[in-house]
Amino acid sequence: MKLQKQSEQTLGVLSVAIAYFFWGILPIYWKFVQSVPATQVLAHRIFWSFIFVLALLLVSGQIKAFFADFVDIVHHPKKFFLVFAASAIVSVNWLTYIWAVNSNHVIETSLGYYINPLISVMLGVIVLREKLSLWQMVSFCLALIGVLIVTLHFGSVPWIALTLAISFGLYGLLKKTISYGALTGLGLETLFITPFALIFLTYVHNQGGGAFGGLKISALLMGAGVVTAIPLILFASGAKRLPLSVVGFIQYIAPTIALLLGVFLYHEPFTKVHLVSFVFIWAALIIFSLSKTNYFIQLESLLVKRIMTGKRETY
């Protein structure tokens, strides 16, 4: 039983790690469709994701399970709301990310996904009643300082980073509460939002502003379904096998790759203020990562005892 649990966790770690690697290099793909408005890219991403997932469901023989889950959702309003909320939230995340990458804000997207693990843990504490240690609280404070440094220096809240962090944190939480399979779950999510995407694309086409038509751009827009669905399927499959806090930890892969791409490939400005802010966030992530090691657990216990002893002496 223990060996089976370890095997499940290992599979979960591999699935989520590969998903985050895909997400880390995804800016390269979106740069190829930089000439297309972000809203159109999003609509095509949603539609072709649904088509690709539908094909996978047919090939894998899961189409009956998909329709059974759909009927189940229709008869249970709470499940319907959860799936629809997941599809809406991930659409917000996709749109923000596509626009940010193609507007030369790759570094800020990396900031958002660095913050995301801490958001995921906080949601786990609030909603799933997961325990938060002293060191995890310290990591939250350090990350908050990092965000405040950027906010105060540039005079504006880093809304791209916060939108990405919060939306994906909520999406990860919803995926933990929805009990459908990885493939059928993604199929349901894209099914719910696809009608809106088709209505928008039809309207844009009728207005003469549709981007679909040229061979290269059309192929890239269709391929958006593949590059979207594969990491999401891996993420959904792995997330169900792991605690939310572990999923958040593995997430560091994507923002690290994105940061390197933003600085060295796309030559976005990375000032001293950015560096100081990132140092606080990196420190927060290091402390968070080490918070469950024996040394930090023992040190936390010692600090708590001293604090409690000091309170007694005061009284």
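Structure first, text after, so check above.
Residues numbered from 1 in each chain as written. Predicted model: local features only at pLDDT ≥ 70, side-chain atom pairs only at ≥ 80, totals over all residues. Heavy atoms only, no water.

Trainee: Describe a nonpolar patch on the surface, naming the residues involved and giving the relevant values.
Mentor: A contiguous nonpolar patch, built from Ile18, Phe21, Phe22, Ile25, Ile28, Phe32, Val226, Ile230, Ile253 and Leu265 and spanning about 770 Å² of accessible area, is present on the exposed surface. For the nonpolar patch, the elements supplying multiple residues, two or more each, are helix H1 (2-31), helix H9 (215-239) and helix H11 (253-265). Among the elements that make up the nonpolar patch, the one with the highest residue count is H1 (five residues). When you line up the elements, Phe22 lands in helix H1. The exposure class assigned to Phe22 is partly exposed, which follows from its relative accessible area of 33%. (Patch = residues over 30% accessible without salt bridge, like charges linked within 9 Å, V, L, I, M, F, W, Y side chains within 5 Å. Areas by Shrake-Rupley, 256 points an atom, 1.4 Å probe, with all protein chains shown as cover. Salt bridge = Lys/Arg side-chain N within 4 Å of Asp/Glu carboxyl O. Helix = DSSP H or I, 4+ residues; strand = E, 2+ residues; numbered from the N terminus. Buried < 20%, exposed > 50% of the residue type's maximum accessible area, 1.4 Å probe, protein only.)

Trainee: Report on helix H8 (residues 182-206), specifying residues and quantitative values.
Mentor: Counted at 1.5 Å a residue, the expected span for H8 with its 25 residues is 36 Å, and the 36 Å between its end C-alpha atoms agrees. Of all the bends in H8, the greatest reaches close to 40 degrees and is centred on Ile193; the proline Pro195 follows between one and four positions later. The first or second residue beyond H8 is Gly208, which carries a positive phi of 85 degrees. (Expected span 1.5 Å × (residues − 1). Bend = angle between axes of the 7 residues up to and from the residue.)

Trainee: Kindly report on the pattern of salt bridges, identifying the contributing residues and their values.
Mentor: If you walk through the whole model with that rule in mind, you get one salt bridge. Of the charged contacts in the structure, one is a salt bridge between Asp72 and Lys79, with a shortest N-O distance of 2.9 Å. Judged by its relative accessible area of 23%, Asp72 falls in the partly exposed class.

Trainee: How would you sum up the packing of helix H2 (residues 38-60) against H9? Please name residues and give values.
Mentor: At a closest axis distance of 7 Å, the pairing of H2 and H9 adopts a crossing angle of 65 degrees. The handedness of the crossing between H2 and H9 comes out as right-handed. On H9, the residues that touch Val41, His44, Arg45, Trp48, Ser49, Phe52, Val53 and Leu56 of H2 are Leu221, Met222, Ala224, Gly225, Val226, Thr228, Ala229, Ile230 and Ile233. Split by residue class, the contact of H2 with H9 holds 12 nonpolar, four polar and one charged. (Axes fitted to C-alpha atoms, helices over the stretch in contact; angles between N-to-C directions. Left-handed = near helix turned anticlockwise from the far one by under 90°. Contact = heavy atoms within 4.5 Å. Nonpolar A, V, L, I, M, F, W, Y, C, P; charged D, E, K, R; others polar.)

Trainee: Can you tell me about the layout of surface pockets, naming the residues and giving the values?
Mentor: Put simply, the largest pocket is a space of about 300 Å³. Lining of the largest pocket is provided by 14 residues; of these, His105, Glu108, Val150, Phe154 and His274 occupy positions nearest its centre. For the lining of the largest pocket, the element with the most residues is helix H5 (residues 106-127), which contributes three residues. Looking at the lining of the largest pocket, its residues break down into eight nonpolar, four polar and two charged. (1 Å grid on protein atoms, 1.4 Å probe; cavity = no way out; pocket = protein on both sides within 12 Å on 5 of 7 lines; lining within 4 Å. Points joined across faces, edges and corners; volume = space filled by probe spheres on them.)

Trainee: Please give an account of unusual backbone geometry that cites residues and values.
Mentor: Of note, the phi angle at Asn104 is positive, near 65 degrees, even though the residue is not glycine. By secondary structure assignment, the location of Asn104 is in the loop between helix H4 (77-102) and H5. With a relative accessible area of 46%, Asn104 lands in the partly exposed category. In this structure, His267 is a non-glycine residue whose phi angle is positive, near 55 degrees. The exposure class assigned to His267 is exposed, which follows from its relative accessible area of 62%.

Trainee: Give me the lowdown on the nonpolar core, citing residues and values where you can.
Mentor: In terms of nonpolar packing, the biggest core is built from 62 residues, with Tyr20, Trp23, Trp30 and Phe235 touching the most fellow members. Leave out the neighbours within four places in its chain, and Phe235 touches Val16, Ala19, Tyr20, Trp23, Phe168, Tyr171, Gly172, Lys175 and Val247. Membership of the second largest hydrophobic core comes to 22 residues, among which are Leu111, Leu118, Ala161 and Leu259. (Core = buried A, V, L, I, M, F, W, Y, C linked by side-chain atoms within 4.5 Å.)

Trainee: Explain empty space enclosed by the protein to me, using residue names and the numbers behind them.
Mentor: In the structure shown here, the tally under the stated rule is four cavities of 30 Å³ or more. Taken as a whole, the largest cavity holds about 200 Å³ of empty space. Taken together, 17 residues line the largest cavity, and the ones lying closest to its centre are Trp23, Asn93, Tyr97, Tyr113 and Phe168. If you list the elements that add at least two residues to the lining of the largest cavity, you get H1, H4, H5 and H11. Among the residues making up the lining of the largest cavity, the classes are represented as 11 nonpolar, five polar and one charged.

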